[in-house]
Amino acid sequence: MTVWDDLVGQERVSEQLAAAARDADAFVTAAASDAPPPEASSMTHAWLFTGPPGAGRNQAARAFAAALQCVSPDRALGGAPGCGFCDGCHTALVGTHADVSTVAAVGAEILVKDMRDTVRKSFTAPANGRWQVILVEDAERLNEKSANAVLKAVEEPAPRTVWLLCAPSVEDVLPTIRSRCRHLVLSTPSVDAVADMLVRREGIEPDVAVSVARATQGHVDRARRLATDPAARARRASVLKLPQRVEDVGGALRAAQELVDAAAEDAKQLAEEMDGKETEDLKAALGAAQGGRLPRGTAGVVKDLEDMQKRRRTRTQRDSLDVALADLTSFYRDVLALQLGSRIALANTDAEDALERLARSSTPESTLRRIEAIAACGEALDRNVAPLLAVEAMTMALRAG
């Protein structure tokens, strides 16, 4: 299994990255032997990965980082970097490689203080003599100050530093940054490609794999979670019942409250899993005894961690609501397809009775207004409107049609 195997339906991108990894390996090999570097190379110091949600932007960037750090002995025998088994590949893929730094948005934005140490590290030599790789998973969430810090680092990078930026579209990144990056566009994988991956990699039954791949419209991570997590399937089933529960004002408001509560519960579960351990680990690192007082002057460090954890809980709740909005959009898209007599395959075949009932009792115009209401809810959440207010406005609009 190579590092490219997780890039579902991205053969063209995999080929480009594999070629760049081979040239990068030739560069490192030449430098180690004092030989002249290759004259032509497809390798560069900054890359921008764009594509719709679920296409695998972050997976592609991490696979490339692993290939750059590959230390497989097979390379000397003509093997391509990115074996997937050596220590370099494995640690890069799981996020523990000393020379692969990952930055992801904890809250709504990537703050400059979150980038400061990473930018400083980008100017240092790699510990293992290969590449210093900086992976920014949510480049669209860089605010003005953090984006300017990245720009300065990308403009004049260290000789062995590679920046990998991931964003939904090229317009989400500052023009001055994207002009210095090589741009790779990932596309939404086909339903068949996602289903095949679930069968091969997760051992899912073929009919179940096709069903969840179609339900998530090619979103690889969500398809994997639906196929393997009963709780995720239960949450989706609950969301798909929402259109039937908004027939009166009370039902619409109750449905909104339950949707927000479910998202908050997701955030709470993640916090319970991570926050306590992070806090105890930090206190131990600062020298506090088990259950004892913190050393003087360290309270500010703990406060910074608590602020980060609060931002992460907010982001987790928002991500959960985003998934619910996507499921609702796909539901009404199926309703519209039935109303217009379209031949496209339905995404939500497990709710076909409800789809047909709503298609008969409403018009295409009202279905389009409902889809617009869901999009408006997402935009309101982007503007930091209180989740309950945004979702209540949406459910009332779904009721009105």
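What counts, and at which threshold
Residues numbered from 1 in each chain as written. Predicted model: local features only at pLDDT ≥ 70, side-chain atom pairs only at ≥ 80, totals over all residues. Heavy atoms only, no water. Helix = DSSP H or I, 4+ residues; strand = E, 2+ residues; numbered from the N terminus. Rg over C-alpha atoms; globule rule 2.2 N^0.38 Å. Buried < 20%, exposed > 50% of the residue type's maximum accessible area, 1.4 Å probe, protein only. Contact = heavy atoms within 4.5 Å. Areas by Shrake-Rupley, 256 points an atom, 1.4 Å probe, with all protein chains shown as cover. Lys, Arg positive; Asp, Glu negative; His and termini not counted. Charge placed at Lys NZ, Arg CZ, Asp CG, Glu CD. Salt bridge = Lys/Arg side-chain N within 4 Å of Asp/Glu carboxyl O. Arc of directions from axis to C-beta. Pairing = 2+ DSSP bridges. Axes fitted to C-alpha atoms, helices over the stretch in contact; angles between N-to-C directions. Core = buried A, V, L, I, M, F, W, Y, C linked by side-chain atoms within 4.5 Å. Expected span 1.5 Å × (residues − 1). Polar contact = N/O pair within 3.5 Å; in protein donor to acceptor, adjacent residues only side chain to side chain. Right-handed = clockwise from strand over helix to strand, strands pointing away. Phe/Tyr/Trp six-rings, centres within 6.5 Å; stacked < 30°, edge-to-face > 60°. Lys NZ or Arg CZ within 6 Å of the ring centre and 35° of its normal.

> Talk me through the overall build of the chain; I want residue IDs and the actual numbers.
Along the backbone of the chain there are 15 helices and five strands. In terms of C-alpha radius of gyration, the chain reaches 24 Å, essentially the compact-globule figure of 21 Å for 401 residues. When the backbone C-alpha atoms are referred to their principal axes, the chain occupies close to 75 × 60 × 40 Å. Within the chain, the fraction of its 401 residues that count as buried is 45%. A separation threshold of at least 6 residues defines the contact pool for the chain, and within that pool the share at least 24 residues apart is 72%. For the chain, the exposed area adds up to about 19900 Å²; of that, 53% sits on carbon and sulfur atoms. The averaged location of the 57 negative side-chain charges in the chain is 4 Å from the averaged location of its 49 positive side-chain charges.

> Just give me the short version of the pattern of salt bridges, but keep the residues and values in it.
Per the counting criterion, the structure on display carries 15 salt bridges. In this structure, Arg318 and Asp382 form a salt bridge, with 2.8 Å as the shortest nitrogen-oxygen distance. Note that Arg318 is positioned in helix H12 (residues 299-340) and Asp382 in helix H14 (residues 364-382), a separation of 64 residues in sequence. By relative accessible area, Arg318 is classed as buried at 17%.

> So, helix H4 (residues 112-122): which residues are in play, and what are the values?
Every buried residue of H4 is listed here: Met115, Thr118, Val119 and Ser122. Along the long axis of H4, the arc covered by the buried residues comes to 105°, so they all point the same way. For H4, the secondary structure elements touched by its buried residues are strand S2 (100-103), strand S3 (132-136), helix H5 (144-155) and strand S4 (161-167).

> For the sheet that holds S4, give the residues involved together with the corresponding values.
The five strands lie next to each other as S2-S3-S4-S1-S5, forming an open sheet whose pairing is parallel. The sheet is open, and its two edges are formed by S2 and strand S5 (182-185), each paired on a single side. Adjacent strand axes in the sheet meet at a mean angle of 15°, parallel and antiparallel pairs treated alike. For strand S1 (residues 46-50) and S5, the ladder comprises four bridges, and the chain directions are parallel. Across the sheet, Thr50 pairs through a bridge with Val185, a residue of S5.

> Tell me about the nonpolar core, and please be specific about residues and values.
Ranked by internal contacts, the top residues of the largest apolar core, which has 36 residues, are Trp4, Leu17, Trp47, Phe49, Phe64 and Leu164. In terms of residue count, helix H2 (residues 57-68) provides more of this core than any other element does, eight residues in total. Not counting the four nearest positions on each side in its chain, Leu17 is found in contact with Trp4, Trp47, Phe49, Ala60, Phe64 and Leu184. Core analysis: the next-biggest nonpolar cluster, separate from the first, contains 32 residues, Phe331, Val335, Leu358 and Leu398 among them.

> Could you give an account of H5, naming the residues involved and the relevant values?
Helix length check: H5 (12 residues) gives 16 Å between terminal C-alpha atoms against 16 Å at 1.5 Å per residue, within 8%. What H5 keeps buried is the set Ser146, Ala147, Ala149, Val150, Leu151, Ala153 and Val154. Structurally, the start of H5 carries an N-cap: the backbone nitrogen of Lys145 is 3.2 Å from a side-chain oxygen of Asn143.

> Explain the pairing of S4 to me, using residue names and the numbers behind them.
Taken across its seven residues, S4 has seven buried, putting it largely inside the fold. Burial along S4 is two-sided: the face carrying Thr161, Trp163, Leu165 and Ala167 and the face carrying Val162, Leu164 and Cys166 are both buried. In terms of strand pairing, S1 meets S4 through five bridges, oriented parallel. Its bridge partner lying in S4, Ala46 is registered against Trp163. Across five bridges, S3 lies against S4 in parallel orientation. In the strand pairing of S4, Leu135 is matched with Leu164. After leaving S3, the chain enters H5 and then returns to the sheet as S4, a path that is right-handed.

> Residues and numbers for the packing of aromatic side chains, please.
Scanning the model with the defined rule gives three aromatic pairs in all. A centroid spacing of 5.5 Å and a plane angle of 85° characterise the contact between Phe331 and Tyr332, whose relative ring orientation is edge-to-face. Per residue, the accessibility class of Phe331 equals that of Tyr332, and both read buried. Of note, Arg160 hangs over the ring of Trp131, and the distance from its end group to the ring centre comes to 5.9 Å. Taking NZ or CZ as reference, Arg182 lies 5.2 Å from the ring centre of Trp47, over its face.

> Summarise the environment of Met1; cite the residues concerned and give the values.
Turning to its location among the elements, Met1 is positioned in the segment before helix H1 (11-32). A residue is classified by how much of its surface remains accessible, and Met1, at 48% relative accessible area, is partly exposed. In this structure the C-alpha to C-alpha distance between Met1 and Gly84, which are 83 residues apart in sequence, comes to 6.1 Å. Ignoring anything within four residues of it in the chain, the contact list for Met1 reads Cys83, Gly84, Phe85 and Arg201.

> Go over the environment of Pro159, please, and point to the residues and values.
With respect to the secondary-structure elements, Pro159 resides in the loop between H5 and S4. Pro159 gets classed as exposed once you look at its relative accessible area, which sits at 74%. A sequence separation of 37 residues divides Pro159 from Ser122, and the C-alpha atoms of the two residues are 10.0 Å apart.

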